[in-house]
Every structure is written in structure tokens, then in C-alpha cells.
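# Descriptive analysis of the structure
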Amino acid sequence: MNGEMEILEKVKKAFGEKAETAPKWERQSEIKVPLELLHPLLGYLRAQGFGHLAMISCVDWIEEGEFELVYHLWSYEKRLHLLVKTRIDRENPTVETIIPIFRIAETYERELHEMFGIDFPGNPNLTPLFLEDWDGSPPMRRDFDTRKYVEEKYGMIDLTKELWKREEPVLEGENGED
Amino acid sequence: MGLFRWSQSRSLWMMHFCTGCGAVEMPPTMTSRYDMERFGIIPMATPRQADILLITGYLTVKTLKRVVRSYEQMADPKYVIGFGSCTINGGMYWDSYNTVKQLDLYIPVDLYIAGCMPRPDSIIDAFVKLREMIAKGEANGWKRYRENLEWYRTNQAKVFNVEKWSAIEP
């Protein structure tokens, strides 16, 4: 646990009481910061050896009207996994991009933009990644009604009925080509 | 024309459009254990030289666009086999927001293979059945597509979210 406590102490010293730090498991700790401290903290951690941004995930706290962004950092020297968490407003979700700190974040932010509708000013490439021609609201938000969308767009098959009685175009006249 | 159709059914070139997990069932079907070449069916790399389009699994909207394009590049007569539950009713992706549920709304399917996954035995079985259908002149999906193009185009345009979609301009 020594390496963890050491880096958490350093963060406490540098960022004060606003950064809530807590060890979670062996080799994994979390740091919760307000949005304005996110970029300084990520830059600081990168300088401390946390050079690998493994992913950015998002949690939809719909009852509290907030998204929680989780930046997963890994240090190969310290062999530590840090979760940097920050909360943003759900109505107007905007986070300045972290591309200057972690180049790889471009793709992660692109995906979050697509799945949760979070805006990342400064990211040059927020085009759709998987969802071509998407017309609904961002699908990973909890208020997105998946089943309703599927019923409207693709049509569900009622498995209690015979499939072959479904309406579909039928060739008139004889089968075959003779 | 009976001889013509009989010879057609004896020489089929198959393009397998490998989406999803169905692709793993193809190598044993092609290679020595099940050996589909016994039935005159050989895999082909390009749609322009293939007779059968085998859709092995779920299709996202993005993939469906490529499937329609590949299908339209194939020369007549052409046959489509839907492989696995995903192509029939969505399978385990029945409520996914991004996969199409019924393949035959978008391209004409001659034959479905049920199962998740279908074993190579059932694939071979489907090929034999398709051969019979071709010999009898029942596998006429390519004609249905041509005659009901407007219906298929409407369905395609609905999921592609455009006013009018034409994969290849006539």
C-alpha cells in the first residue's frame, strides 16, 4: 500500500482539501476532484509517471442530474491504477478536452460524445464513431428508451405468431425463371 | 431450362459476410472435417464473382449499408442465406439500439438457418436444401428484389435515416 499512500499524500499536498482521495483496493485508488481541478490534476499525475490513460468512462447519475467522468490512469513504474473522478452538469455537459495532456483521449472523447452527448471543446474530431446516421438521443443515457426506439425503427417480431404469415412482397405468377 | 438450373445448382460460389460470431463455424465447414466442396460450394472473396451471400450473424446499421452494396454488386442469379437467430429476429440483440432485427426487410433472403450458433451440419443441410430450391426454381430472391425494389429501398432508407437511399444508382 506504500506507493498508493505516497501518491495520494502528494496529491493532497498539491491540491488541498478539494481533492478527495481514498484507496479502494490493492493497487487501485480514487481521487475525486471538482471540474476546475481536473486538468491540472491530470497534468500533475502524468508528470508523476501515470503515462497510460486506459479509458474514460461515464456514469449517468440521472437522479442527481449529473454525469460522472472517470479517467483511468495506470503507472508502469509504480504499478498503480488511479481513478480520477469528476462530476459535471447533466443538462449542459461540457468538459474541455484533455488532448494536450493525453493524445489518446481523442478517440475516448469521441465515443463519449456519441454515446452520452458530452461536448469536448478543443477536440477537433467529434464525428460519429459507431453510429452512422443516428437519429435518436445518445443511446447510453439512462433516459434513452431502448425498447421504444427499437420498436419504432426496426420493428419487433412477435414470436407468438407464425413468421411466415408476415406481410411481405410475393412474386405473382409462377416461381422460377422459365 | 431444367438442365440450366441443374447445372447452376451444382456450382455455387459463396461469399460469407462475416459479422458477429458466426464466422467461427465457417472454417470447419470449409475444411476437411465437413468439407462443403463435396457439394460444389467454394468460398469466394469478392461479391462480383459469388452466387451465395451468407450473412453470418447480426448486422449493425453501418454494416447493413455495406451488405446492401455487396449484394447489389453480385451478378444474377444470386442467393442469400441468413445464418443464425440474429438475422431472423435479432437473436440475443433483440433489443439493441443499433442492430437490424429482420434481414429480409432489407435484402431478400432465400433461406434461413436457425440456431445460435448453427452447427456445420446445419450449414451443409442448408446448402443441400438451397441446391434443391435452385434446381426447382424456388430460390428467386434476386427476382423479388428486382420487382419490389421500391419496397426494399423504403425499408433501407428508414434505418439509414435518409429520404431516399440508393446504394448503386441504376
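Here is a short report on the structure shown in this document.

Attention now moves to the interface of chain A and chain B. Each side of the interface is counted separately: chain A has 32 residues, and chain B has 34 residues. Summing the contributions of chain A and of chain B, the shared interface buries around 2900 Å²; its carbon and sulfur component is 52%. A salt bridge links Lys65(B) to Asp133(A); its shortest N-O distance comes to 2.7 Å. At the junction of chain A and chain B, the tally comes to six residue pairs in polar contact (both at pLDDT 80 or more). Take the side of chain A that touches chain B: its biggest share by element is six residues, from helix α4 (residues 146-153) of chain A. In terms of residue class, the side of chain A that touches chain B is made up of 17 nonpolar, four polar and 11 charged.

Residues and elements named next belong to chain B. Inspection of the secondary structure puts Asp51 in the loop between β2 (41-43) and β3 (52-56). For the buried residue Asp51, which engages in no salt bridge, the nearest side chain bearing the opposite charge is Lys78, 10 Å off. Among all residues touching Asp51, those that are not within four sequence positions of it are Ser11, Leu12, Trp13, Met74, Pro77, Lys78 and Tyr79.

Once that is clear, we can look at the sheet that holds strand β1 (residues 12-17) of chain B. Residue and element names in this part refer to chain B. Here we have five strands laid out as an open sheet, ordered β2-β1-β3-β4-β5, and parallel in their pairing. Only two strands of the sheet have a single neighbouring strand rather than two, namely β2 and β5 (111-113). Across the sheet, the mean angle separating the axes of adjacent strands is 25° when strand polarity is ignored. As paired elements, strand β4 (residues 79-83) and β5 share three bridges and run parallel to each other. Bridging from a neighbouring strand, Phe83 pairs with Ile113 of β5. Here helix α3 (residues 61-73) sits on the sheet and contacts β1, β3 and β4; the angle it forms with β1, its principal contact strand, is near 165°. With respect to the sheet, helix α5 (residues 120-136) is in contact with β1, β2, β3, β4 and β5, its orientation differing from that of β5 by roughly 170°.

So, on to the nonpolar core. A general feature of soluble globular proteins is that nonpolar side chains tend to end up buried together. Of all hydrophobic cores here, the largest spans 90 residues; its most connected members are Leu45(A), Tyr71(A) and Leu53(B). Among the elements that make up this core, the one with the highest residue count is α5(B) (seven residues). Not counting residues within four places of it along the chain, the set of residues in contact with Leu53(B) comprises Met15(B), Phe17(B), Val67(B), Tyr71(B), Met74(B), Tyr79(B), Val80(B), Ile81(B) and Ile107(B).

What counts and what doesn't
Going along each chain's sequence as written, the residues are numbered from 1 onward. A letter from A marks each chain and a number from 1 marks each ligand, given out in the order of writing. A pLDDT threshold of at least 70 governs which residues receive local features in this predicted model, and a stricter bar of 80 or more applies before side-chain atom pairs are shown or counted, although totals over entire chains, interfaces and linings include all residues. Each side-chain value is worked out from all heavy atoms of the structure, with water and hydrogens disregarded. Contacts are assigned to residue pairs with any non-hydrogen atoms lying within 4.5 Å of each other. Buried area, as used here, totals the accessible surface that two parts lose on assembly, with accessibility defined by a 1.4 Å probe and the loss added over both. Definition used for salt bridges: Asp or Glu carboxyl oxygen within 4 Å of a side-chain nitrogen of Lys or Arg. Think of a polar contact as two N or O atoms within 3.5 Å of one another; within protein, one of them needs to be a possible hydrogen donor and the other a possible acceptor, and neighboring residues in sequence only count if both atoms come from side chains. Strands are runs of DSSP state E lasting at least two residues, helices are runs of H or I lasting at least four, and both sets are numbered from the N terminus onward. Classification used: nonpolar for Ala, Val, Leu, Ile, Met, Phe, Trp, Tyr, Cys and Pro, charged for Asp, Glu, Lys and Arg, polar for all others including Gly. Buried residues are those whose accessible area, probed at 1.4 Å on protein chains only, stays under 20% of the maximum for their type, while exposed residues exceed 50% and partly exposed ones sit between those limits. When charges are counted, neither His nor the chain ends are considered; positive counts come from Lys and Arg and negative counts from Asp and Glu. Two strands form a pair only when DSSP identifies at least two bridges running between them. Axis lines are fitted through C-alpha atoms, for helices just across the contact stretch, and the angle between N-to-C directions can take any value from 0 to 180 degrees. As used here, the term nonpolar core means buried Ala, Val, Leu, Ile, Met, Phe, Trp, Tyr and Cys residues forming a set that is joined through side-chain atoms within 4.5 Å.

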